[in-house]
Amino acid sequence: MKKQDGILLESGTNELEIVEFEMGHNRYGINVIKVKEIILPTPITVIPHAHPAIEGIMQLRGEVLPVINMEKVMGLPQTIGPNDGKYIVAAFNKQEVVFHVHEVTQIHRISWNHIEKPSDLYSGDASQVIGVIKRERDMLLLLDFEKIVMEINPDSGIRVEEVQKLGERERSDKRIVVAEDSPMLRKLLSDTLSEAGYVNIEFFENGKDALNFLEAIVADGKTVTDEIQLVITDIEMPQMDGHHFTKRIRENKDLSALPVIIFSSLITDELKHKGESVGANDQVSKPEIAELVLKMDQYIL
């Protein structure tokens, strides 16, 4: 089953399509934008002393890709053999990786507004779940694949050393709004942007909360650009995604002057047109934090 071009809706609709897959008796989802194709397992080469979740590496059309065993990632009993299940070939954060799952079933089109944020009571910082989709008879869990990969290979994530390479920087009092659903990435962004001199940051878990904050500023009779100088947003977020958030900013005459940078694992040459169509000023792929900082300098210093 290959991903079909053009399957996604136009940008800014606050909808997404997810590939549903099964692990044990539970159902999970991955954003179809991340999925390059779905294939049957092929022979792999085992890598000595690799991370326990890495089954090995495989070659696909000349590319050498790591294969991640999702049973190991999710702490499930090992039931899947090397020739069983399906491979989900995914691309994000400027890398390609293969996830070995039990079964791939179907594609769903849903609204981010119908995806609930996991409760801290049962998720916490260690959770790999970023959203819960309630259905009539069961639930579908949307997984944080960036976090899964970063826990296996920390160097694939945001690193403060990249900002340190920019050299000594002055502290800036510019006020920035950041919409990012991952607690881990909010912490990393706080640390790295602080290192870059940007310490006056308002963090929000999704675009809806960030938009409410901006709208409250103008409802209070203030000029938004006097209070906030820049907006940075992820794309994948429960309740309201970054594309819809950006579109709502541009459609509001009291907010439209705000510069918006989309900072997401989904930024590629093929997908940049989506951010452009909703009016983003710039787009930077995670984990390129130094590039993000330089773009921030360009818009607000």
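The following paragraphs examine the structure supplied in this document. (Residues numbered from 1 in each chain as written. Predicted model: local features only at pLDDT ≥ 70, side-chain atom pairs only at ≥ 80, totals over all residues. Heavy atoms only, no water.)

1. What about the packing of aromatic side chains?
Stated precisely, the cut-off is as follows: Two aromatic rings, drawn from Phe, Tyr or Trp (for Trp, its six-membered ring), form a pair once their centres lie within 6.5 Å of each other, and the interplanar angle then sorts them: stacked below 30 degrees, edge-to-face above 60, tilted otherwise. A 1.4 Å probe rolled over the protein chains alone gives each residue an accessible area, and that area as a share of the maximum for its type sets the label: buried under 20%, exposed over 50%, partly exposed in between. Charges are assigned to positions over rings by a cutoff of 6 Å between ring centre and Lys NZ or Arg CZ, combined with an angular limit of 35 degrees from the ring normal.
For the structure on display, the rule yields 5 aromatic pairs. With 5.0 Å between their ring centres and 40 degrees between their planes, F204 and F213 make a pair best called tilted. Using a relative accessible area of 15% as the deciding quantity, one classes F204 as buried. Pairwise contacts between aromatic rings join F21, Y28, F92, F99 and F145 into one cluster. Over the face of the ring belonging to F92 we find K34, whose NZ or CZ atom lies 5.9 Å from the ring centre.

2. Considerations on the packing of helix α4 (residues 183-195) against helix α9 (residues 289-300)
The test is simple: Only the stretch in contact is used when fitting a helix axis, every axis being a line fitted to C-alpha atoms; angles between N-to-C directions are given from 0 to 180 degrees. In this description a helix means any DSSP run of H or I spanning at least four residues, a strand means any run of E spanning at least two, and both kinds are numbered starting from the N terminus. The cut-offs work like this: below 35 degrees is roughly parallel, past 145 is roughly antiparallel, 65 to 115 is roughly perpendicular, and the gaps in between are oblique. Working rule for handedness: look at the near helix, and if it is turned counterclockwise from the far one by less than a right angle, call the crossing left-handed; if clockwise, right-handed. Contact criterion: two residues are considered in contact whenever any of their non-hydrogen atoms come within 4.5 Å of each other.
Contact geometry of α4 with α9 gives a least axis separation of 11 Å together with a crossing angle of 55 degrees. Compared by their axis directions, α4 and α9 come out oblique. For the pair α4 and α9, the sense of crossing is right-handed. Seen from α4, the contacting residues are L189, T192 and L193; seen from α9, they are I289, L292, V293 and M296.

3. Focus: the sheet that holds strand β15 (residues 260-264)
Keep this limit in mind: Think of it this way: DSSP has to see at least two bridges between two strands before they count as a pair.
Read across the sheet, 5 strands follow the order β13-β12-β14-β15-β16 without closing on themselves; strand pairing throughout is parallel. Edge positions in the open sheet fall to β13 (201-204) and β16 (282-285), since each of these has one partner strand only. The sheet shows a mean angle of 20 degrees between the axes of neighbouring strands, direction not considered. Contacts from α4 reach β12 (176-179), β13 and β15, with the element oriented near 170 degrees to β13.

4. Observations concerning the environment of P77
Residue placement: P77 occurs in the loop between α1 (70-73) and β6 (86-92). Note: C-alpha distance between P77 and R250 (173 residues apart in sequence) is 49 Å.

5. Things to note about the environment of E151
With respect to the helices, strands and loops of the structure, E151 is situated in helix α2 (residues 145-152). Remark: the alpha-carbon pair of E151 and H51, spanning 100 residues in sequence, is separated by 9.9 Å.

6. Points about α2
Quick note on the threshold: Think of a polar contact as two N or O atoms within 3.5 Å of one another; within protein, one of them needs to be a possible hydrogen donor and the other a possible acceptor, and neighboring residues in sequence only count if both atoms come from side chains.
Burial analysis of α2 places 7 of its 8 residues in the buried class, which makes it a mostly covered element. One side-chain oxygen of the residue at the start of α2 lies 3.4 Å from the amide nitrogen of E146, identifying that residue as D144.

7. Points about the pattern of salt bridges
Put simply, the test is: The rule for a salt bridge is simple: a side-chain nitrogen of Lys or Arg has to be within 4 Å of a carboxyl oxygen of Asp or Glu.
For the coordinates displayed, the defined rule picks out 25 salt bridges. Among the ionic pairs, K187 bridges to D191, the shortest N-O distance being 2.7 Å. One end of the pair is K187 and the other is D191, both in helix α4 and 4 residues apart, which spans about a single turn. A relative accessible area of 36% places D191 in the partly exposed class. When salt bridges with common partners are traced through the structure, they connect D155, R159, E161, E162 and K165 into a single cluster.

8. Things to note about the sheet that holds strand β7 (residues 95-101)
One open sheet holds the 5 strands; their spatial order is β3-β6-β7-β5-β4, and the pairing between them is mixed. If you trace the sheet from one side to the other, it starts and ends with β3 (35-39) and β4 (54-60), each paired once. Here the strands of the sheet are splayed against their neighbours by 25 degrees on average, with no regard to which way each runs. Pairing analysis gives 6 bridges linking β4 to strand β5 (residues 63-69), with the strands arranged antiparallel. The partner of M58 across the bridge, within β5, is L65. Running at roughly 100 degrees to β7, α2 makes contact with β4, β5, β6 and β7 of the sheet.

9. Here's the deal with the nonpolar core
Here is the rule we go by: What is meant by a nonpolar core is a set of buried Ala, Val, Leu, Ile, Met, Phe, Trp, Tyr and Cys residues, joined one to another through side-chain atoms within 4.5 Å.
Within the largest apolar cluster, 26 residues are counted, with the highest numbers of intra-cluster contacts made by F21, I68, M70, I88, F99 and F145. Put simply, the parts of the chain that give this core at least two residues each are β1 (15-23), β2 (26-31), β3, α1, β6, β7 and α2. It is α2 that contributes the most residues to this core, 4 residues altogether. Apart from residues lying up to four places away in sequence, F99 is in contact with I68, M70, K86, Y87, I88, A90, F92, F145, I148 and V149. Counting 20 residues, the second-largest nonpolar core is a separate cluster that includes V163, I232, I289 and M296.

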